[in-house]
Amino acid sequence: EPEVTQTPSHQVTQMGQEVILRCVPISNHLYFYWYRQILGQKVEFLVSFYNNEISEKSEIFDDQFSVERPDGSNFTLKIRSTKLEDSAMYFCASNFRRDTEAFFGQGTRLTVV
Amino acid sequence: QQQVKQSPQSLIVQKGGISIINCAYENTAFDYFPWYQQFPGKGPALLIAIRPDVSEKKEGRFTISFNKSAKQFSLHIMDSQPGDSATYFCAAKRAAGNKLTFGGGTRVLVKP
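Residues numbered from 1 in each chain as written. Chains lettered and ligands numbered in written order. Predicted model: local features only at pLDDT ≥ 70, side-chain atom pairs only at ≥ 80, totals over all residues. Heavy atoms only, no water.

### A word on the overall build of chain A
Here is step 1 of the chain: For chain A, the helix and strand inventory stands at 0 helices and 11 strands.
Here is step 2 of the chain: Its helices and strands taken in sequence order, chain A reads β-β-β-β-β-β-β-β-β-β-β from the N to the C terminus.
Here is step 3 of the chain: Radius of gyration (C-alpha) of chain A: 13 Å, near the 13 Å computed for a compact globule of 113 residues.
Here is step 4 of the chain: Dimensions of chain A along its principal axes, counting C-alpha atoms only, are 35 × 25 × 25 Å.
Here is step 5 of the chain: A burial count over chain A gives 43% of its 113 residues as buried. (Helix = DSSP H or I, 4+ residues; strand = E, 2+ residues; numbered from the N terminus. Rg over C-alpha atoms; globule rule 2.2 N^0.38 Å. Buried < 20%, exposed > 50% of the residue type's maximum accessible area, 1.4 Å probe, protein only.)

### Structural notes on the overall build of chain B
Here is step 1 of the chain: The helix and strand inventory of chain B stands at 0 helices and 11 strands.
Here is step 2 of the chain: Scanning chain B from its N terminus toward the C terminus, one meets helices and strands in the order β-β-β-β-β-β-β-β-β-β-β.
Here is step 3 of the chain: Relative to the globule expectation of 13 Å for 112 residues, the C-alpha radius of gyration of chain B, 13 Å, shows essentially globular dimensions.
Here is step 4 of the chain: With respect to the three principal axes, the spread of C-alpha positions in chain B is 40 × 30 × 20 Å.
Here is step 5 of the chain: A total of 112 residues make up chain B; the buried ones form 46% of that total.

### Quick word on the state of the cysteines
Here is step 1 of the chain: Taken as a whole, this structure holds 2 disulfides over all chains when the rule is applied.
Here is step 2 of the chain: Two residues share a disulfide in this structure: cysteine 23 of chain A and cysteine 92 of chain A, whose sulfurs sit 1.9 Å from each other. Residues cysteine 23 of chain A and cysteine 92 of chain A are joined by a disulfide whose S-S torsion is about -65°; by sign, that bridge is left-handed. Here cysteine 23 of chain A is found in strand 3 (residues 19-24), whereas its partner cysteine 92 of chain A is found in strand 9 (residues 88-95), with 69 residues between them in sequence. Like cysteine 92 of chain A, cysteine 23 of chain A is buried.
Here is step 3 of the chain: The disulfide that involves cysteine 23 of chain B links it to cysteine 90 of chain B, with 1.9 Å between the sulfurs. An S-S torsion of about -95° defines the bridge between cysteine 23 of chain B and cysteine 90 of chain B as left-handed. Note that cysteine 23 of chain B is positioned in strand 3 (residues 19-25) and cysteine 90 of chain B in strand 9 (residues 86-92), a separation of 67 residues in sequence. (Disulfide = S-S within 2.5 Å.)

### Brief notes about the layout of surface pockets
Here is step 1 of the chain: The space that makes up the largest pocket amounts to roughly 590 Å³.
Here is step 2 of the chain: Lining of the largest pocket is provided by 23 residues; of these, Gln37 and Gly40 of chain A together with Gln38, Thr87 and Arg107 of chain B occupy positions nearest its centre.
Here is step 3 of the chain: Those elements that provide at least two residues to the lining of the largest pocket are strand 9 of chain A together with strand 9 and strand 11 (106-111) of chain B.
Here is step 4 of the chain: Of the residues contributing to the lining of the largest pocket, the split by class is 8 nonpolar, 12 polar and 3 charged. (1 Å grid on protein atoms, 1.4 Å probe; cavity = no way out; pocket = protein on both sides within 12 Å on 5 of 7 lines; lining within 4 Å. Points joined across faces, edges and corners; volume = space filled by probe spheres on them. Nonpolar A, V, L, I, M, F, W, Y, C, P; charged D, E, K, R; others polar.)

### Topic: the sheet that holds strand 7 (residues 62-67) of chain B
All names here are of chain B.
Here is step 1 of the chain: A sheet is described by the order of its strands in space; here 5 strands give the open sequence 1-3-8-7-6, paired in antiparallel fashion. The sheet is open, and its two borders are formed by strand 1 (4-7) and strand 6 (56-59), each paired with just one other strand. Direction aside, neighbouring strands of the sheet carry axes that sit 15° apart on average.
Here is step 2 of the chain: Relative to strand 7, strand 6 is paired through 4 bridges, and the arrangement is antiparallel. Across the sheet, the residue bridging to lysine 57 is isoleucine 64, located in strand 7. (Pairing = 2+ DSSP bridges. Axes fitted to C-alpha atoms, helices over the stretch in contact; angles between N-to-C directions.)

### So, the interface of chain B and chain A
Here is step 1 of the chain: With 21 residues of chain B at the contact, the number on the chain A side is 17 residues.
Here is step 2 of the chain: Note on chain B versus chain A: buried area summed over both sides is about 1700 Å², and carbon and sulfur give 51% of it.
Here is step 3 of the chain: Linking chain B with chain A are 5 residue pairs in polar contact (both at pLDDT 80 or more). (Contact = heavy atoms within 4.5 Å. Buried area = accessible area lost by both parts, 1.4 Å probe. Polar contact = N/O pair within 3.5 Å; in protein donor to acceptor, adjacent residues only side chain to side chain.)

### Here we look at the side chain of glutamine 37 of chain B
Residues and elements named next belong to chain B.
Here is step 1 of the chain: Its place among the elements puts glutamine 37 in strand 4 (residues 33-38).
Here is step 2 of the chain: Given the relative accessible area of 14%, glutamine 37 is considered buried.
Here is step 3 of the chain: Glutamine 37 has contacts with Gly43, Pro44, Ala45, Leu47, Asp84, Ala86, Thr87 and Tyr88, leaving out every residue within four places of it along the chain.

### Notes on the sheet that holds strand 3 of chain A
All names here are of chain A.
Here is step 1 of the chain: Spatial ordering of the open sheet is given by 1-3-8-7, a layout of 4 strands whose pairing is antiparallel. Since the sheet does not close on itself, it has two edges, and those belong to strand 1 (5-7) and strand 7 (65-68), each with one partner. Direction aside, neighbouring strands of the sheet carry axes that sit 20° apart on average.
Here is step 2 of the chain: The pairing of strand 1 with strand 3 spans 3 bridges and is classified as antiparallel. Pairing of threonine 5 across the sheet is with valine 24, part of strand 3.

Any functional reading would require information beyond the geometric quantities listed.
Spelled out as structure tokens, the structure:
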């Protein structure tokens, strides 16, 4: 069964450092998303990406964040200068059309120290 | 107006019992209401979803009830099993929209 894969599963970084979280969406999917889940809280939308551009972003997704699809298979989330409050589980998701099921990856736990 | 409110936060049910989780939304533009199941260390996985043109949808032991006028929907897990122990999230979106708006989650524990 096709699945969304994310690497690494756990990333620990120093405050102020840049991190890149990587995702390989399901191969024929066209819409890509990042969500985050702070420990014990709900899953929150960060950004959606289609046709090589951001289609929607939340107020959480400020200038510290960027997304890229560098090579047609990977989908990355970059946080330029991490803050303690960026510590969360980050989920990548994808779907073929916006009105079809979104499949989530297993997540990357980001810990900023 | 974008919020989805979910209750209860946690639920303990005996094996064979019924788990009921409720959600309420505000945005009348929402027209797709999925429920996700999440096990520890895993991403959310779609369990069942409903659109507002029907009032109920059943898949196996899982049923969604939808009340459009009250802007509420609920998940019923019949004959709950220990393997159902997980966190359940309701969500909502516009079918043609980009983002899912999630409820706060309900941690369900099914005791054997």
